[in-house]
Amino acid sequence: MIKIMFVCHGNICRSPMAEFVFKDMVRKKGAEERFQIASSATSREEIGNPVHYGTRKKLAEVGITVSGKYAVQLTKKDYAEYDYLIAMDSMNVRNILRIIGEDKDNKVCKLLDFAEGGEIADPWYTGNFDETYDDVVRGCTGLLKKLQ
């Protein structure tokens, strides 16, 4: 089983978007039994809060629900539990490393490393959930292609 943790700052916008987009892609491929997929935050600011309205709305437009998802924080033990800790941007990578310490097994990367590279903008600040969704889909598509 391949275990993937998507990570962003608050676990209410980008990382749950990636979690549920990737789950949807995996389900459509009939490969759900091959994956364990989750998401978490590097900060404590949103812990216990539901997914941001903008992410819920955008995903609902494409038939994906995030029902029952609430923000949780990444922990040091997640490093041992997951095969990939996939950040949305460089700041997330830096904060992941503060939580887990050394990445001796090279598990930490950015989602767009699986596409053309780059950073996934935080729609909390940009307000552009469409752009974030497009980037997440590109990254998740590349990730799934790599893991097939």
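Residues numbered from 1 in each chain as written. Predicted model: local features only at pLDDT ≥ 70, side-chain atom pairs only at ≥ 80, totals over all residues. Heavy atoms only, no water.

K.L.:
Mind showing me how you'd approach the overall build of the chain here?
P.N.:
For the chain, the helix and strand inventory stands at six helices and four strands. When its helices and strands are written in sequence order, the chain yields β-α-β-α-α-β-α-β-α-α. Along the first, second and third principal axes, the C-alpha atoms of the chain reach 40 × 35 × 30 Å. Burial statistics for the chain: of 148 residues in total, 53% are counted as buried. Of the roughly 7300 Å² of accessible surface on the chain, 49% is carried by carbon and sulfur atoms. For the chain, the distance from the average site of its 22 positive side-chain charges to the average site of its 22 negative ones is 3 Å. (Helix = DSSP H or I, 4+ residues; strand = E, 2+ residues; numbered from the N terminus. Buried < 20%, exposed > 50% of the residue type's maximum accessible area, 1.4 Å probe, protein only. Areas by Shrake-Rupley, 256 points an atom, 1.4 Å probe, with all protein chains shown as cover. Lys, Arg positive; Asp, Glu negative; His and termini not counted. Charge placed at Lys NZ, Arg CZ, Asp CG, Glu CD.)

K.L.:
Help me understand the packing of aromatic side chains, please; the structure alone is not making it clear to me.
P.N.:
Centre distance and the angle of the planes are the two values used to describe a pair of aromatic rings. Following the criterion strictly, the structure yields three aromatic pairs and no others. Ring geometry for phenylalanine 6 against phenylalanine 22: centres 5.9 Å apart, planes inclined by 65°, an arrangement best described as edge-to-face. With phenylalanine 6 in strand E1 (residues 2-8) and phenylalanine 22 in helix H1 (residues 14-28), this pair connects stretches of sequence that are 16 residues apart. Judged by its relative accessible area of 0%, phenylalanine 22 falls in the buried class. Taking 5.6 Å as the distance between ring centres and 90° as the angle between the ring planes, the aromatic pair formed by phenylalanine 22 and phenylalanine 35 counts as edge-to-face. You can see phenylalanine 22 sitting in helix H1 and its partner phenylalanine 35 sitting in strand E2 (residues 35-41), a full 13 residues away along the chain. Each member of the pair phenylalanine 22 and phenylalanine 35 is classed as buried. (Phe/Tyr/Trp six-rings, centres within 6.5 Å; stacked < 30°, edge-to-face > 60°.)

K.L.:
Can you walk me through the environment of asparagine 106 in this structure?
P.N.:
Mapping asparagine 106 onto the fold places it in the loop between helix H4 (90-100) and strand E4 (108-110). Linking asparagine 106 and aspartate 83, residues 23 residues apart in sequence, is a C-alpha distance of 9.1 Å.

K.L.:
Honestly, the sheet that holds strand E3 (residues 84-87) in this entry has me stumped. Any pointers?
P.N.:
Strands pair in a sheet through their backbones, by hydrogen bonds, and they do so in one of two ways: parallel or antiparallel. Spatial ordering of the open sheet is given by E2-E1-E3-E4, a layout of four strands whose pairing is parallel. A single partner strand is all that each edge strand has here, and the edge strands are E2 and E4. Strand-to-strand twist of the sheet, defined as the mean angle between neighbouring strand axes without regard to direction, takes the value 25°. Examined bridge by bridge, E1 and E3 share four bridges and lie parallel to one another. Bridge pairing in E3 links valine 7 to alanine 87. (Pairing = 2+ DSSP bridges. Axes fitted to C-alpha atoms, helices over the stretch in contact; angles between N-to-C directions.)

K.L.:
Could you clarify how one ought to interpret the state of the cysteines in this entry?
P.N.:
Under the defined criterion, the tally for this structure stands at zero disulfides. Note on cysteine 13: no disulfide assigned, nearest cysteine sulfur contributed by cysteine 8 at a separation of 6.7 Å. No disulfide involves cysteine 140; its nearest neighbouring cysteine sulfur is the one of cysteine 109, lying 11 Å away. (Disulfide = S-S within 2.5 Å.)

K.L.:
For this particular structure, what's the right way to read H1?
P.N.:
Working note: α-helix, 3.6 residues per turn, so residues spaced by three or four point in the same direction. Helix length check: H1, at 15 residues, gives a terminal C-alpha distance of 21 Å against a target of 21 Å (1.5 Å per residue), a fit within 8%. Counting buried positions along H1 gives 12 out of 15 residues, so the element sits mostly inside the fold. Of all the positions in H1, only Arg14, Ser15, Pro16, Met17, Ala18, Glu19, Phe20, Val21, Phe22, Asp24, Met25 and Val26 are classed as buried. Of the surrounding elements, those touching the buried residues of H1 are E1, E2, helix H2 (53-61), H4, helix H5 (123-126) and helix H6 (129-147). (Expected span 1.5 Å × (residues − 1). Contact = heavy atoms within 4.5 Å.)

K.L.:
How should I be thinking about the pattern of salt bridges in this particular structure?
P.N.:
Opposite charge on two side chains permits pairing when their charged atoms draw close. Enumeration according to the criterion identifies 12 salt bridges in this entry. Of the charged contacts in the structure, one is a salt bridge between lysine 110 and glutamate 119, with a shortest N-O distance of 2.7 Å. We note a salt bridge from arginine 138 to aspartate 135, for which the minimum N-O separation is 2.2 Å. A residue pair is termed a helical-turn pair when its members lie 3 or 4 positions apart in one helix, as arginine 138 and aspartate 135 do in helix H6 at three residues. Classification of aspartate 135 by relative accessible area gives buried; the value is 9%. A cluster of three or more residues bridged by salt bridges with shared partners is formed by Arg14, Asp89 and Asp122. (Salt bridge = Lys/Arg side-chain N within 4 Å of Asp/Glu carboxyl O.)

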